[in-house]
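Structural overview for review
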Amino acid sequence: MGLRSMLRNLFGRSAGGRARATHAARTVVAAPPEPEIAPGYPARDWEEIPPYLPVDPAEHREAVIIATAIAAADRPESSFSVKRVSLANPEYRRVACIATALGAGALPESSFVVKHVYRQKSLEETHAA
């Protein structure tokens, strides 16, 4: 914006050099919408089920030895660093299998990816939060 445009906007052509009345900007701030996991299902009533569960540190050794032996295969000079050992959550797997089977219906060539599985909180947990 040039100087002339700025002056024209401030004083206007027909105002005869008088400043135009400016309207105060009104900002309407709406409350953020409540997070939902799906339309009509507020997130506060549901808890996410983790796809993997942590393993007891006492059981790490066997899992690490087996995993590194499989990964190393025929390269004994390789080295590995295992950062975490987890176990697949059986509840998550069962729900994911049922959901994809129902979603596929009569179309066996379809495929689905389950990203999240939620469990409804009990009434005591919902009212306490």
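One can find the structure itself at the top, above this paragraph.
Residues numbered from 1 in each chain as written. Predicted model: local features only at pLDDT ≥ 70, side-chain atom pairs only at ≥ 80, totals over all residues. Heavy atoms only, no water.

1. Examining the overall build of the chain
Helix and strand counts for the chain stand at four helices and six strands. Listing every helix and strand of the chain by position from the N terminus yields α-β-β-β-β-α-β-α-β-α. Within the chain, the fraction of its 129 residues that count as buried is 10%. Considering only contacts within the chain whose residues lie at least 6 apart along the sequence, 57% involve residues at least 24 apart. Summed over its atoms, the accessible surface of the chain is roughly 11500 Å², and 58% of this surface lies on carbon and sulfur atoms. (Helix = DSSP H or I, 4+ residues; strand = E, 2+ residues; numbered from the N terminus. Buried < 20%, exposed > 50% of the residue type's maximum accessible area, 1.4 Å probe, protein only. Contact = heavy atoms within 4.5 Å. Areas by Shrake-Rupley, 256 points an atom, 1.4 Å probe, with all protein chains shown as cover.)

2. Remarks on the environment of L87
Positionally, L87 belongs in strand 5 (residues 86-88). The spacing of L87 and D56 is 31 residues in sequence and 9.9 Å in space, taken between C-alpha atoms. If we ignore the near neighbours within four places in the chain, the residues touching L87 are P51, Y52, L53 and V55.

3. Some details on helix 3 (residues 90-104)
Taking 1.5 Å per residue, 15 residues should reach 21 Å; helix 3 reaches 21 Å between its end C-alpha atoms and fits that length. Of the residues making up helix 3, those classed as buried are Y92, A96 and A104. One side of helix 3 holds all its buried residues, which, seen down the axis, span an arc of 85°. Exposed side chains of helix 3 directed beyond 90 degrees from the buried face belong to R94, C97 and L102. Taken together, the buried residues of helix 3 touch strand 3 (46-49) and strand 6 (117-120). Looking at where helix 3 begins, the residue whose side-chain oxygen comes 3.1 Å from the main-chain nitrogen of E91 is N89. Phi for G105, located one or two positions after helix 3, is positive at around 55°. (Expected span 1.5 Å × (residues − 1). Arc of directions from axis to C-beta. Polar contact = N/O pair within 3.5 Å; in protein donor to acceptor, adjacent residues only side chain to side chain.)

4. Side note on the packing of aromatic side chains
Any pair of aromatic rings gets described here by the distance separating the centres and the angle formed by the planes. The full count for this structure, using the stated rule, is one aromatic pair. An angle of 75° between the planes, with centres 5.9 Å apart, marks the rings of Y41 and W46 as edge-to-face. The exposure class of Y41 is partly exposed, given its relative accessible area of 45%. (Phe/Tyr/Trp six-rings, centres within 6.5 Å; stacked < 30°, edge-to-face > 60°.)

5. A few points about the environment of A72
Assignment of secondary structure puts A72 in helix 2 (residues 60-72). What A72 contacts, discounting residues up to four positions off in sequence, is S78 and F80.

6. Section: the side chain of N89
Here N89 lies in the loop between strand 5 and helix 3. Of note is the side chain of N89, whose polar atom sits 2.8 Å from the backbone oxygen of P50. A distance of 3.1 Å separates a polar side-chain atom of N89 from the backbone nitrogen of E91.

7. Re the pattern of salt bridges
Counting across every chain of the model gives four salt bridges. Across the pair E47 and R119 runs a salt bridge whose closest N-O atoms are separated by 3.4 Å. Placement of the pair is E47 in strand 3 and R119 in strand 6, with a sequence separation of 72 residues. With a relative accessible area of 28%, E47 lands in the partly exposed category. Bridged by salt links that share partners, the residues E34, R44 and D45 form one connected network. (Salt bridge = Lys/Arg side-chain N within 4 Å of Asp/Glu carboxyl O.)

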